[in-house]
Amino acid sequence: MNFSTKIIGWYQQNCRDLPWRNTNDAYKIWLSEIILQQTRVSQGLPYYINFVTAFPTVNDLANADEQQVLKLWQGLGYYSRARNLHFTAKLVVENHNGIFPTTYDELIKLKGIGTYTAAAIASFSANEAVAVVDGNVFRVLSRVFNVNYDISLNTTKKYFIELAQKLLSTTQPNLHNQAIMEFGALQCVPKSPNCLDCVFNDSCEAYKLKIVSELPVKLKKNKITKRFLNYVLIHDAYGNYIMNKRTENGIWKNLYEFPCVESENEMDESELFLQLKELYNIKNFEHYDAFDVLHKLSHQHLNIKFYRIETEEILKNSYTFSDVKQLPVPIVLHNFIEKIGI
């Protein structure tokens, strides 16, 4: 079996027409790779277009205000990606004269760029013969070659990188890498793949052994933390609202939010009211119970409730509603703001 010939042949017949595949600009390829981490193509595509439009070059991104970058990123999650994106753009301008690196060895030194991303950029922009290994590649190789090692282990990742490198086309590494990832995304999908109509159905070890659904093996499970967040819209009679910027490390660092009372368990309304009463001269108090939400992240389940108080004093260092709409906020707050219209 010539693995590379088959996978490239399949790709040329089935690949999607995506904008980052029509360029060898390392900057734009880097943007697409960072946006598509933990993100489906259908969700990431409009973000990519917005970023390329707002920041056509790495210099434009480096010179942007972080608040603008986070606002454009709003809704993609894993906001450390956006902060690293901005930081790396500045680094490229300072240390590389605004020319985005194209070699694996240079790319791997940049913040937010790991082995997969460095290989992808080097391969797609400069046709460097270095194999990419992401979740799609794990799945394809584990099934075709019946590799039943636990992919959560570093030793297994090293094994797959070596296997992928051996299989890589030496003449068309860029096409090969695009092909194997696309094959995993469209054909060799996680659940119920169409094995009958597959270019590898005569050579896939997992298909022969009827163990396709069992591969790849991942034994380590994410530990889920439960958190209880009580957001309070605090405003005065003039429509001024309090917004706070999260500065501590965490999933929403540098994003804005309404004042938040976090509790170990579900908080009683009366208990919250008493806490707020010590801080504000409350005129009205309301629970937006129709908007209670369980926001599920990969490692956290956030039980979120929204409240509103009107205070009789005039709030200083506050924001109007139009100001609030311009601030980068977690998507769960953005959705709430859009629904209530304040």
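Residues numbered from 1 in each chain as written. Predicted model: local features only at pLDDT ≥ 70, side-chain atom pairs only at ≥ 80, totals over all residues. Heavy atoms only, no water.

*Asks:* For this particular structure, what's the right way to read the overall build of the protein chain?
*Replies:* Helix and strand counts for the protein chain stand at 15 helices and 7 strands. Partitioning the intrachain contacts of the protein chain with sequence separation of at least 6 by distance along the chain shows that 67% fall at a separation of at least 24. Carbon and sulfur atoms make up 48% of the accessible area of the protein chain, which amounts to about 17,700 Å² in all. Put simply, the protein chain has 36 plus and 36 minus side-chain charges, and the middle of one group is 6 Å from the middle of the other. (Helix = DSSP H or I, 4+ residues; strand = E, 2+ residues; numbered from the N terminus. Contact = heavy atoms within 4.5 Å. Areas by Shrake-Rupley, 256 points an atom, 1.4 Å probe, with all protein chains shown as cover. Lys, Arg positive; Asp, Glu negative; His and termini not counted. Charge placed at Lys NZ, Arg CZ, Asp CG, Glu CD.)

*Asks:* Would you mind showing me how to read empty space enclosed by the protein here?
*Replies:* Think of a ball as big as a water molecule: rolled over the atoms, this probe shows where empty space is left. Applying the stated criterion to the full structure yields 2 cavities of 30 Å³ or more. Taken as a whole, the largest cavity holds about 130 Å³ of empty space. In terms of residue count, the dominant contributor to the lining of the largest cavity is helix α9 (residues 135-144) (3 residues). One number sums up the size of the second largest cavity: a volume of about 30 Å³. Lining the second largest cavity we find Phe3, Ala131, Val132, Leu141, Ala164, Leu167, His176, Asn177 and Ile180. Every element with two or more residues in the lining of the second largest cavity is listed here: α10 (154-167) and α11 (173-186). In terms of residue count, the dominant contributor to the lining of the second largest cavity is α11 (3 residues). The class makeup of the residues in the lining of the second largest cavity is 7 nonpolar, 2 polar and no charged. (1 Å grid on protein atoms, 1.4 Å probe; cavity = no way out; pocket = protein on both sides within 12 Å on 5 of 7 lines; lining within 4 Å. Points joined across faces, edges and corners; volume = space filled by probe spheres on them. Nonpolar A, V, L, I, M, F, W, Y, C, P; charged D, E, K, R; others polar.)

*Asks:* Looking at this structure, how should I read a negative patch on the surface?
*Replies:* A cluster of like negative charges, contributed by Asp268, Glu269, Glu271, Asp289 and Asp292, occupies part of the molecular surface. With respect to the helices and strands, Asp268 occurs in the loop between β4 (260-263) and α13 (269-277). Judged by its relative accessible area of 46%, Asp268 falls in the partly exposed class. (Patch = residues over 30% accessible without salt bridge, like charges linked within 9 Å, V, L, I, M, F, W, Y side chains within 5 Å. Salt bridge = Lys/Arg side-chain N within 4 Å of Asp/Glu carboxyl O. Buried < 20%, exposed > 50% of the residue type's maximum accessible area, 1.4 Å probe, protein only.)

*Asks:* Could you clarify how one ought to interpret unusual backbone geometry in this entry?
*Replies:* Residues other than glycine predominantly adopt negative phi, and peptide bonds predominantly adopt the trans conformation. The step from Leu215 to Pro216 runs through a cis peptide bond, and the omega angle for that step is 0°. Positioned with a positive phi, Ser192 is a non-glycine residue whose angle comes to about 50°. Structurally, Ser192 is set in the loop between α11 and α12 (205-209). When its relative accessible area of 72% is taken as the criterion, Ser192 is described as exposed.

*Asks:* Whenever I open this one, the side chain of Ser142 confuses me. Can you help?
*Replies:* The topology assignment puts Ser142 in helix α9. Among the residues examined, Ser142 registers a relative accessible area of 0% and is labelled buried.

*Asks:* How do you make sense of α9 when you look at a structure like this?
*Replies:* The periodicity of an α-helix, 3.6 residues per turn, causes residues three or four places apart in sequence to face the same way. Counting buried positions over the 10 residues of α9 gives 9, a clear majority of the element. Taken together, the buried positions of α9 are Asn136, Val137, Phe138, Arg139, Val140, Leu141, Ser142, Arg143 and Val144. Where α9 is buried, its residues contact α1 (3-14), α10, α11 and α12. At the N-terminal end of α9, a side-chain oxygen is found 3.1 Å from the backbone nitrogen of Asn136, two or three residues along, and the residue is Asp134. Asn146 occupies a position one or two residues after α9 and carries a positive phi of about 50°. (Polar contact = N/O pair within 3.5 Å; in protein donor to acceptor, adjacent residues only side chain to side chain.)

*Asks:* Even after reading the chapter, I still don't get the packing of helix α5 (residues 66-73) against helix α6 (residues 80-95), so can you show me in this structure?
*Replies:* When two helices pack together, their arrangement is given by the angle between their axes and by how far apart the axes lie. Packing of α5 against α6 leaves a shortest axis separation of 10 Å and a crossing angle of 140°. Classified by the interaxial angle, the pair formed by α5 and α6 is oblique. Viewed along their axes, α5 and α6 form a crossing whose handedness is right-handed. Every residue of α6 that contacts α5 at Glu66, Val69, Leu70 and Trp73 is listed here: Arg81, Ala82, Arg83, Leu85 and His86. Here the residues of the contact of α5 with α6 are counted per class, giving 5 nonpolar, 1 polar and 3 charged. (Axes fitted to C-alpha atoms, helices over the stretch in contact; angles between N-to-C directions. Parallel < 35°, antiparallel > 145°, perpendicular 65-115°, else oblique. Left-handed = near helix turned anticlockwise from the far one by under 90°.)

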